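Inside the fold
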Amino acid sequence: MFRNLEAYLLALEKRGELKRIRVPVSSELEITEIADRMVKAGGPALLFEKVLDKDFPVAIGLFGTRERTAFALGVRDLDELSEKVARLLELKPGRGGISALMGLLPKLPLLRGFFPRWVGRAPVQEVILKGEAVDLFRLPILKCWPLDGGPFLTLPLVITKDPETGELNVGMYRMQVLDKRSTAMHWQLHKVGRQHLEKARKLGKKLEVAVALGGDPILTYAATAPLPPLPGVSEFHLAGFLRGAPLELTRGVTVDLPVPAEAEFVLEGYIDPEEPLVEEGPFGDHTGFYTPVDLYPRFHVTAITHRKRAIYPATIVGVPPMEDAYLIEASERLFLPPLRLILPEVVDYHMPPEGVAHNWVNVALRKAYPGQAYKVAYGMLGLGQMMFAKVIVAVDGDVPVKPGFQALLEALKHALPGRDTLLLRGPMDVLDHSSRGFAFGGKLILDGTRKLPEEGGEGPFTPRAHQELPHEPEVVAQRQWPGIWGVALRKECPGQAWALAERLLKAPQSTGIRLLLLADHDVLLTPEEVLWAVLNNIDPERDARVMPGVEGLVLVLDGTRKFSEEGFDRVWPERIRMDPRIKALVDSRWEEYGL
């Protein structure tokens, strides 16, 4: 564990995983471009000591590699998180009474630190600013991407209390700075903070809010974790459990809320549910696309408290890989044992970075009876935020679920399109831009397990990848992997992708192919990028079809931009791209940065 952000940064520096940038840089786009290059190269965390026209340094890339994320969470490898939770959840059937109580004693050390400790004096309150002294523009809050609606806090720990029950929630929701003393609060439809606000509205109350920045990186992670609703348990308890020592809390200065004593900053204030909503966005999101302007509540800042030598923590999201992929993997590992309690046949699961969390889930299971893969997929769709999953690929228990692409190749050997694919409907992430409706759309289950006789059995199939591919005028690039055909096309009219698919599948090069992926012309045909683009851009109910090929049936996914004539009537977002002038600036200053 690390007492605070400074302790973590010093530890990273000793490991050679922190680079200090001592020349002045801009919080508008320049830091993003540098940090994006670093995380995609697996480079170090960065500490920008001088940010133009701002009062504080910026730390970024705190979770920038799998190994660094494990280090931040106090383990040698993220798989140790599963082992820790499994030991806590290990049950002994048939034991009761004194025997059961005695069996719990060895587990008590695992709960060391579970309950927070209250302190009176807190480093985060060394400096207290109220009223006119509050000025968010002093903080080096990043404008990350060119089309962003303004600067956004990207690592905020948003603390609220249920107005009815008093239950606490610590969540991570982006916050767009609107002026010196207010931000928008991106509380989406399904978020706990949104539920707290709705309860405050019914009670005719304002909702107090505290926003912490920094502290032990374990707490930052905990705010992102999909913690199920457990009475009396909040993300503060989860952080204490993971760090093995109590998290120190103190009372806010102007709000009756607990705040982390070792944070770098705390923003205190309120949201008035009767106040008109404000426009928020656009924002270059973790999907790799901009989420459009929408209406969200305004957070009024009544006080800012901070350490005397505070460091502002930040992250960026965008086209993967980004550091949020490693936080997602940490949650995978942490919640694998609880998943196995509910679905004991599950061996492992993985959300590949190309699926940006909810778009793609691989699950491996010990299969004992027909239809079990669907039973597991249905069960997962009923668990918390897993309800947002768009595509679930099931494989046998002896198949590694990662890397994701290799698991998909293995699944296609056993998945006959049509027979072993199933379309559903359900809730979708609010950030899903391609679904049939807001937060509602289609889902796809692909059963890539070995088939039992009752399921039709295994059929003859040899995956193939052809070198010479048919010429089509609108095709910009195409490539095959064993069993998969990826195509980038210049789409100009509705229905064009399906017409192209029909022609391609009549070609002899469709032999040995079970999945045809159609993407827009600007998509690179690497496995990672084509899957990222297609999975973002499909509603499976609308955009998945089983079509005949030369050798058999093929699953076709139309991952191209949709026209209104194709049944899509929402705003289609822009892909995130950095301004070429910023890229050129960073190129010219690279040696100056010391990188």
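Look above for the structure.
This report concerns the structure included in the present document. (Residues numbered from 1 in each chain as written. Predicted model: local features only at pLDDT ≥ 70, side-chain atom pairs only at ≥ 80, totals over all residues. Heavy atoms only, no water.)

**Digging into the overall build of the protein**
Looking only at helices and strands, the protein features 15 helices and 30 strands. In terms of C-alpha radius of gyration, the protein reaches 25 Å, essentially the compact-globule figure of 25 Å for 595 residues. When its C-alpha atoms are laid out on the principal axes, the protein stretches across 75 × 70 × 50 Å. Expressed as a percentage of contacts within the protein between residues at least 6 apart in sequence, the contacts between residues at least 24 apart total 72%. Summed over all atoms, the accessible surface of the protein reaches about 24,000 Å², with 56% contributed by carbon and sulfur. Side chains of the protein carry 72 positive and 79 negative charges; the gap between the two charge centres is 4 Å. (Helix = DSSP H or I, 4+ residues; strand = E, 2+ residues; numbered from the N terminus. Rg over C-alpha atoms; globule rule 2.2 N^0.38 Å. Contact = heavy atoms within 4.5 Å. Areas by Shrake-Rupley, 256 points an atom, 1.4 Å probe, with all protein chains shown as cover. Lys, Arg positive; Asp, Glu negative; His and termini not counted. Charge placed at Lys NZ, Arg CZ, Asp CG, Glu CD.)

**Considerations on the pairing of strand E14 (residues 265-271)**
When you tally the buried positions in E14, you get six out of seven residues, the bulk of the element. Alignment of E14 against strand E19 (residues 298-306), held across six bridges, turns out to be antiparallel. Within the sheet, the bridge partner assigned to Leu267 lies in E19 and is Ile304. (Buried < 20%, exposed > 50% of the residue type's maximum accessible area, 1.4 Å probe, protein only. Pairing = 2+ DSSP bridges.)

**Re the nonpolar core**
Core analysis: the biggest nonpolar cluster contains 75 residues, and Leu9, Tyr221, Tyr349 and Met380 have the highest contact counts within it. Take this core: its biggest share by element is seven residues, from helix H9 (residues 324-342). Once residues within four sequence positions are removed from consideration, Met380 is found in contact with Leu339, Leu343, Tyr349, Val361, Val363, Met386 and Met387. (Core = buried A, V, L, I, M, F, W, Y, C linked by side-chain atoms within 4.5 Å.)

**Considering the pattern of salt bridges**
As enumerated under the stated definition, the model contains 55 salt bridges in all. Close ionic contact of Glu566 with Lys491 constitutes a salt bridge, the shortest N to O distance being 2.9 Å. Linking Glu566 in the loop between strand E30 (553-559) and helix H15 (580-593) with Lys491 in the loop between strand E27 (484-489) and helix H12 (496-505), this pair joins segments that are 75 residues apart in sequence. On the basis of relative accessible area, Glu566 is assigned to the buried category, the value being 17%. The salt bridge involving Asp543 is made with Lys562; its shortest N-O contact spans 3.6 Å. Here Asp543 is found in helix H14 (residues 540-543), whereas its partner Lys562 is found in the loop between E30 and H15, with 19 residues between them in sequence. (Salt bridge = Lys/Arg side-chain N within 4 Å of Asp/Glu carboxyl O.)

**Overview of the packing of helix H7 (residues 217-224) against helix H8 (residues 235-243)**
Between H7 and H8, whose axes approach to 9 Å, the crossing angle comes to 130°. Judged by the angle between their axes, H7 and H8 are oblique. Here the hand of the crossing between H7 and H8 comes out right-handed. Between H7, through Ile218, Leu219, Tyr221, Ala222 and Ala223, and H8, the contact on the second element is made entirely by Glu235, Phe236, Leu238, Ala239, Leu242 and Arg243. For the contact of H7 with H8, the residue count by class is nine nonpolar, no polar and two charged. (Axes fitted to C-alpha atoms, helices over the stretch in contact; angles between N-to-C directions. Parallel < 35°, antiparallel > 145°, perpendicular 65-115°, else oblique. Left-handed = near helix turned anticlockwise from the far one by under 90°. Nonpolar A, V, L, I, M, F, W, Y, C, P; charged D, E, K, R; others polar.)

**Looking at the packing of aromatic side chains**
Within the structure shown, the criterion is met by 12 aromatic pairs. Ring centres of Phe265 and Tyr312 lie 6.4 Å apart, and the angle between their planes is 70°; on these two criteria the pair is classed as edge-to-face. One end of the pair, Phe265, is in strand E14; the other, Tyr312, is in strand E20 (residues 312-314), and 47 residues separate them in sequence. Neither residue differs from the other here; Phe265 and Tyr312 are each classed as buried. Taken together, the aromatic side chains of Phe2, Tyr8 and Phe71 make up a single cluster linked through ring pairs. Seen from the ring of Phe241, Lys84 lies directly overhead, with NZ or CZ sitting 4.9 Å from the centre. (Phe/Tyr/Trp six-rings, centres within 6.5 Å; stacked < 30°, edge-to-face > 60°. Lys NZ or Arg CZ within 6 Å of the ring centre and 35° of its normal.)

**Some points on the sheet that holds strand E23 (residues 391-396)**
Taken in spatial order, the five strands make up an open sheet running E21-E22-E23-E25-E24, and their pairing is mixed. In this open sheet, the two strands that pair with only one neighbour each are strand E21 (346-350) and strand E24 (421-427). If you compare each strand with its neighbour and ignore which way they point, the axes differ by 20° on average. Here strand E22 (residues 360-365) pairs with E23 via six bridges, running parallel. Note on E23: the bridge partner recorded for Leu365 is Asp396.

**Here's the deal with the side chain of Arg307**
Considering the arrangement of structural elements, one finds Arg307 in the loop between E19 and E20. Of the polar contacts made by the side chain of Arg307, one reaches the side chain of Glu262; its length is 3.0 Å. Excluding anything up to four places from it in sequence, Arg307 contacts Asn4, Pro123, Val124, Glu126, Val127, Glu262, Ala263 and Glu264. (Polar contact = N/O pair within 3.5 Å; in protein donor to acceptor, adjacent residues only side chain to side chain.)

**A short note on H9**
For H9, built from 19 residues, the straight-helix expectation of 27 Å at 1.5 Å per residue is met to within 8% by its first-to-last C-alpha distance of 26 Å. The largest bend in H9 is about 40°, located at Leu336, with the proline Pro337 one to four residues further on. Across the 19 residues of H9, 14 count as buried, placing the element largely inside the fold. (Expected span 1.5 Å × (residues − 1). Bend = angle between axes of the 7 residues up to and from the residue.)

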